[in-house]
Amino acid sequence: MSAVPDLATMRLLLRQGRWPALLSLGLLLVALLLLGIEPGLAMIAAGLLLLSVAAGIAQIYHAWRVELDASLLQLLRDEGLEGDAAARRTDQLLHDSGLRRASPDVPLRGWDARWAGMRRLLLRQYLLTAMQFALLVLAVLWPQT
């Protein structure tokens, strides 16, 4: 049995990045709102809110990448591609769109490396959302003196 799941399973797991993306967007809006309407915000609390906004922006990038990977996997499923043919098609699409700078002559990466990268992006997305939440809570609870 292979350690790499099939394309449908990979896509379903990557779709789990939708809820942290929505949560993060809400947290980002709250942080921006607090920065804009709170007149006597302590310097440290304002810094924590700014860090929360930065984590939210980084999370948006990771959410975009995770959604891109999920969409590519759906495209590969729709085209009926598997294995090396699917990897070549993915590299071709990324190269044609300008998202992959490597030349087409570069040796083909296996799905195990691709899957590890996809999982890493999804994990970072979750961690950034958790960090964003923690920073926002700290900023709200910080004493306003």
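Above this text sits the structure in question.
Residues numbered from 1 in each chain as written. Predicted model: local features only at pLDDT ≥ 70, side-chain atom pairs only at ≥ 80, totals over all residues. Heavy atoms only, no water.

Participant: Sorry, what's going on with the overall build of the protein chain here?
Facilitator: Each helix and strand counted, the protein chain has five helices and zero strands in total. Listed by position from the N terminus, the elements making up the protein chain come as α-α-α-α-α. The C-alpha radius of gyration of the protein chain comes to 19 Å, more than 25% above the 15 Å expected for a compact globule of 145 residues. With the principal axes as the frame, the protein chain shows a C-alpha extent of 60 × 30 × 20 Å. Going through the 145 residues of the protein chain one by one, you find that 33% of them count as buried. (Helix = DSSP H or I, 4+ residues; strand = E, 2+ residues; numbered from the N terminus. Rg over C-alpha atoms; globule rule 2.2 N^0.38 Å. Buried < 20%, exposed > 50% of the residue type's maximum accessible area, 1.4 Å probe, protein only.)

Participant: For this particular structure, what's the right way to read the pattern of salt bridges?
Facilitator: Opposite charge on two side chains allows them to pair when their charged atoms are near. Following the criterion strictly, the structure yields four salt bridges and no others. We note a salt bridge from Arg-18 to Glu-67, for which the minimum N-O separation is 3.9 Å. One end of the pair, Arg-18, is in helix α2 (residues 18–37); the other, Glu-67, is in helix α3 (residues 43–79), and 49 residues separate them in sequence. Glu-67 gets classed as partly exposed once you look at its relative accessible area, which sits at 29%. The residue Asp-91 makes a salt bridge to Arg-114 at a minimum N-O spacing of 2.9 Å. In this pair, Asp-91 is assigned in helix α4 (residues 83–97) and Arg-114 in helix α5 (residues 111–141), connecting sequence segments 23 residues apart. The class for Asp-91 is buried, based on a relative accessible area of 11%. (Salt bridge = Lys/Arg side-chain N within 4 Å of Asp/Glu carboxyl O.)

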